[in-house]
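Here are the chains, one letter per residue:
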Amino acid sequence: MSEQTTDLRETVRRRYAAAAVKVTEGGSACCGPEPVEVDENFGSTLYAADERDVLPAEAVAASLGCGNPTAVAELREGERVLDLGSGGGIDVLLSARRVGPAGKAYGLDMTDEMLTLALANAARAGVTNAEFLKGTIEAIPLPADTIDVVISNCVINLSVDKPAVFAETFRVLRPGGRIGVSDVVADDTLTPAQRGERGDHVGCIAGALSFAEYREGLQAAGFTDISITPTHAVADGMHSAVVRAVKPAAAGTRSEAGEPADACCGVSACCTPAETSADPALTVTEAKSTSGCGCQG
């Protein structure tokens, strides 16, 4: 990873860590947590009142997204859902309620402060079918073919390696699985420089893909039935959009080395705490490094 991309990721991490701290510290005030400052195009106002009312105030206050992916993902009883960049947990908690006790909702975030807040929010809400994982959306710490639905709320645009996000999303989805994502997308006529003029990377603007780039990225990862539907403008030529796509039912997931992804580069239980090397003479790290495994996190 280049120094520039490392700096961008750290800038994003610091911004969301500060947001989590603000909400947590506000929780001790007499009037409850103070919402993180966002404009009308982002935040908890994009959720229906009846959804906000059943969640802890801290989860609502920490909402920074540009949409409501749980409203468009058509979650069903018993499904396993993964939220990329779960923040304070608002979409994970709503998903957990929708899939019911037979289902499960995972939240993935790289920020310790947000993970701490999300765990506290799950406890306040009494939600027991949710689990929060630390990691990046470019290297998802879950086995292949295990998730029914991947959701995300204005986070993929923050990634410094979007092809990796699309590939990892495809990997963890079971054949026939789907994505329902809210994200910021740019008009095809806007250059990256023009996107940068409309807002910074951490503000979900400069890093946004165009409609064509988003579609091409999903297609390259193997997705089909792709639709990208704008919902409202967030800047001149920039839109909040609902992105849907499907992993074909006949699709298999293979690693860069050509092995099945659950046997990633000779490593069992790829990207989970249960990893072991197939070669006793090598450590897990050595096995991955030797074969150029794409799942080295």
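The coordinates are above.
Remember, it's a predicted structure, so these values are computed and weren't measured experimentally. (Residues numbered from 1 in each chain as written. Predicted model: local features only at pLDDT ≥ 70, side-chain atom pairs only at ≥ 80, totals over all residues. Heavy atoms only, no water.)

Chemist: Can you lay out the environment of Ala-130 for me, pointing to particular residues and giving the numbers?
Modeler: Structurally, Ala-130 can be placed in strand E3 (residues 130-134). Considered as a pair, Ala-130 and Ala-105 are 25 residues apart in the sequence and their alpha carbons are 4.7 Å apart. In this view, Ala-130 contacts Val-92, Ala-96 and Ala-105; residues no more than four positions away in its chain are not counted. (Helix = DSSP H or I, 4+ residues; strand = E, 2+ residues; numbered from the N terminus. Contact = heavy atoms within 4.5 Å.)

Chemist: Pulling in residues and values, what's your account of helix H6 (residues 162-172)?
Modeler: Summarising burial for H6: nine of the eleven residues are buried, a large majority. Every buried residue belonging to H6 is among Lys-162, Ala-164, Val-165, Phe-166, Glu-168, Thr-169, Phe-170, Arg-171 and Val-172, and all of these are buried. Residues of H6 that are buried sit in contact with strand E1 (80-84), strand E4 (147-153), strand E5 (173-186), strand E6 (209-210) and helix H8 (211-221). (Buried < 20%, exposed > 50% of the residue type's maximum accessible area, 1.4 Å probe, protein only.)

Chemist: Which residues make up the pattern of salt bridges, and what values do they have?
Modeler: Scanning the model with the defined rule gives nine salt bridges in all. Notably, a salt bridge pairs Glu-131 with Lys-104, separated by 2.7 Å at the nearest N-O pair. Taken together, the residues span a long stretch of sequence, with Glu-131 in strand E3 and Lys-104 in strand E2 (residues 104-109) at a distance of 27 residues. A relative accessible area of 24% means that Lys-104 is categorised as partly exposed. Residues Asp-112 and Lys-134 are paired through a salt bridge, measuring 2.9 Å at the closest nitrogen-oxygen approach. (Salt bridge = Lys/Arg side-chain N within 4 Å of Asp/Glu carboxyl O.)

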